[in-house]
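# Tertiary structure, described
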Amino acid sequence: MKMTFRWYGSDSDSITLKQIKQIPGMSGLMGVLDYKAAGEVWTKEEIREYVDEVHAAGLECEVIESVNVHEDIKMGLPTRDEYIANYITTIRNLAEYGIKVIVYNFMPVLDWLRTDLARVIEEDGSNSLYFDERELGSMTPLEIVRKTAEDSNGFTLPGWEPERLAELEKTLKQYESITPDMFRANYKYFLDAVIPVCEEVGIRMAVHPDDPAWPIFGLPRISHSQEDFDKIVALHDSPANALCLCTGSLGSNPDNDIPAIIRHFGEMDRIACLHIRNVKYLGYRRFREAAHLSSTGDLDMFEIVKAVYDTCPRDVYVRPDHGRMIWDEVGRPGYGLYDRALGAAYLNGLWEAVDKCAATARRS
Ligand code: DNO
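To start, this report covers the structure provided alongside it. (Residues numbered from 1 in each chain as written. Predicted model: local features only at pLDDT ≥ 70, side-chain atom pairs only at ≥ 80, totals over all residues. Heavy atoms only, no water.)

## A few points about the overall build of the protein chain
Looking only at helices and strands, the protein chain has 14 helices and twelve strands in total. Compactness check: the protein chain gives a C-alpha radius of gyration of 19 Å against a globular reference of 21 Å for 364 residues, within 12% of the reference. Across its three principal axes, the protein chain shows a C-alpha extent of roughly 60 × 50 × 40 Å. The 364 residues of the protein chain split such that 60% are buried. Long-range contacts, defined as pairs at least 24 residues apart, comprise 74% of the intrachain contacts of the protein chain with a sequence gap of at least 6. Here the protein chain displays about 14500 Å² of accessible surface, and carbon together with sulfur accounts for 52% of that area. Charge-centre separation for the protein chain: the mean point of 40 positive side chains lies 3 Å from the mean point of 59 negative side chains. (Helix = DSSP H or I, 4+ residues; strand = E, 2+ residues; numbered from the N terminus. Rg over C-alpha atoms; globule rule 2.2 N^0.38 Å. Buried < 20%, exposed > 50% of the residue type's maximum accessible area, 1.4 Å probe, protein only. Contact = heavy atoms within 4.5 Å. Areas by Shrake-Rupley, 256 points an atom, 1.4 Å probe, with all protein chains shown as cover. Lys, Arg positive; Asp, Glu negative; His and termini not counted. Charge placed at Lys NZ, Arg CZ, Asp CG, Glu CD.)

## Describing the site of the ligand
Within the structure, the ligand sits among 14 residues, and Arg-6, Glu-65, Asp-111, His-322 and Tyr-335 are positioned closest to it. Within the side chain of Asn-105, an N or O atom sits 3.0 Å from an oxygen atom of the ligand. The contact in question runs from an oxygen atom of the ligand to an N or O atom on the side chain of Tyr-335, over 2.6 Å. Sorting elements by how many residues they give to the shell around the ligand places strand β4 (residues 101-105) first, with three residues. (Near = heavy atom within 4 Å. Polar contact = N/O pair within 3.5 Å; in protein donor to acceptor, adjacent residues only side chain to side chain.)

## Here's the deal with the pattern of salt bridges
Overall, the coordinates contain 33 salt bridges when judged by the stated rule. A salt bridge links Arg-114 to Glu-289, with the nearest nitrogen and oxygen atoms 2.7 Å apart. On the criterion of sequence distance, the pair formed by Arg-114 in the loop between β4 and β5 (116-120) and Glu-289 in strand β11 (residues 286-290) is long-range, its members being 175 residues apart. For the pair Arg-114 and Glu-289, one class covers both residues: buried. Between Lys-188 and Asp-192 there is a salt bridge whose closest N-O contact spans 3.2 Å. Taken as a pair, Lys-188 and Asp-192 lie in helix α9 (residues 180-201) at a separation of four residues, close to a single helical turn. (Salt bridge = Lys/Arg side-chain N within 4 Å of Asp/Glu carboxyl O.)

## Points about the packing of α9 against helix α10 (residues 226-235)
One can describe the packing of α9 onto α10 by two numbers: an axis separation of 9 Å at closest approach and a directional angle of 40°. Between α9 and α10, the angle falls in the class oblique. Like other packed secondary-structure pairs, α9 and α10 cross with a definite hand, here right-handed. Residues Arg-184, Tyr-187, Lys-188, Leu-191 and Asp-192 of α9 pack against Lys-231, Ile-232 and Leu-235 of α10. Looking at the contact of α9 with α10, its residues break down into four nonpolar, no polar and four charged. (Axes fitted to C-alpha atoms, helices over the stretch in contact; angles between N-to-C directions. Parallel < 35°, antiparallel > 145°, perpendicular 65-115°, else oblique. Left-handed = near helix turned anticlockwise from the far one by under 90°. Nonpolar A, V, L, I, M, F, W, Y, C, P; charged D, E, K, R; others polar.)

## A few points about the packing of aromatic side chains
The tally for this structure, following the rule as stated, stands at 15 aromatic pairs. Note on Trp-7 and Tyr-50: the rings are 5.5 Å apart at their centroids and 40° apart in plane angle, and the pair reads as tilted. Here Tyr-50 lies in helix α2 (residues 44-56) and Trp-7 lies in strand β1 (residues 2-7), a separation of 43 residues in the sequence. Comparing Trp-7 with Tyr-50, the two get one shared label, buried. Ring geometry for Trp-327 against Tyr-338: centres 5.1 Å apart, planes inclined by 45°, an arrangement best described as tilted. Highlighted residues: Trp-327 in the loop between β12 (317-320) and α14 (338-363) and Tyr-338 in helix α14, separated in sequence by eleven residues. (Phe/Tyr/Trp six-rings, centres within 6.5 Å; stacked < 30°, edge-to-face > 60°.)

## Quick look at a negative patch on the surface
Taken together, the side chains of Asp-11, Glu-49, Asp-52 and Glu-53 present a region of like negative charge at the surface. One can find Glu-53 in helix α2. A relative accessible area of 32% means that Glu-53 is categorised as partly exposed. (Patch = residues over 30% accessible without salt bridge, like charges linked within 9 Å, V, L, I, M, F, W, Y side chains within 5 Å.)

## A short note on the environment of Val-197
With respect to the helices and strands, Val-197 occurs in helix α9. We classify Val-197 as buried; its relative accessible area is 8%. Separated by 99 residues in the primary sequence, Val-197 and Thr-296 place their C-alpha atoms 43 Å from one another. Not counting residues within four places of it along the chain, the set of residues in contact with Val-197 comprises Ile-88, Ile-91 and Arg-92.

## Observations concerning the pairing of strand β9 (residues 271-276)
Where burial is concerned, most of β9 is hidden: six out of the six residues are buried. In terms of strand pairing, strand β8 (residues 241-246) meets β9 through four bridges, oriented parallel. Across the sheet, residue Cys-246 finds its bridge partner in β9, namely His-275. (Pairing = 2+ DSSP bridges.)

## Some points on unusual backbone geometry
Following Asp-211, the chain continues into Pro-212 via a peptide bond in cis, with omega recorded as 0°. Turning to its location among the elements, Pro-212 is positioned in the loop between β7 (204-208) and α10. One non-glycine residue, Asn-153, lies in the positive phi region at around 55°. If you trace the backbone, Asn-153 turns up in the loop between α6 (141-150) and α7 (162-165). Looking at Asn-153, the relative accessible area reads 44%, which means it is partly exposed. Phi is positive for Arg-285, which is not a glycine, with a value near 50°. Position of Arg-285 among the secondary structure elements: in the loop between β10 (278-283) and β11. With a relative accessible area of 25%, Arg-285 lands in the partly exposed category.

Here you go:
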């Protein structure tokens, strides 16, 4: 397991590379150029600048996140070919600088969604991201987008890029006539174009699940269960068409058995990387994010790490995902330093324990 950390770049993150490097067992980053709009080419110069800075701090940069797919591709508009061509140029440019995995999503319009970015946790006074479908019911998509932007402590949030959401109302209207099957066909068109290029340059595309793991605002969401991902990996059969298995996104729906899903896709060699975090169920379609420790939430982190250990390559990329805000830290919601660093240490500890138990079992 290669332990990594999401970092937004020195102009945009409250955390420094030095701090990340000092977390025990950290091999590198899941990086992002958060100023890039969907559909734009990530130029060689931009990638070089970011990667050089990461390398200078003694960290690897083999995974890049949020290379966002332009809405015209997802909606299957005639203009999609030009955006796909740009995406392919970005893939080639990233490969040139040593990137091995690209994390992206194929969610219509919105990336992840929460109704509160800083819900106070009564037990200890920390706060975390929170979702309640009942609260969502009374809000329009535009209201939730505005509220999310206002509550983000002045930081940009992944998936909530202002340019992308500027035309929200128009885009939502266009989606009314797109069924899940049509949406999946558009997805296949995209994969058929990009996956052969990935195979050629040695990159794996890793799709991130819908978060939360069910349909929202009537949009055609098609990536939130084992069955959904079975269909996705079959759209273009290649190890380069892989998953970013996010335990917290899929785990927002208690019907998803996360260790079983990891084993299923791990055995097929379709997991390129994982985001690992915990969630606490509070009721029907209502949850908050918890500390990584199993006993503070509803996911069994031991079983999750064991499933990764048993079925994924030894050097699979993992990162602790959203943390709570603790110790009065002010930062990008979900992406502070302290709780994610605790998460990384805990996950590394679980891995060491599973590894040593397996070695003992082999000897006896
Ligand atoms: C949320 C992140 C996601 C993820 C994107 C990939 O916090 O995990 O925004 O990076 O869905 O495109």
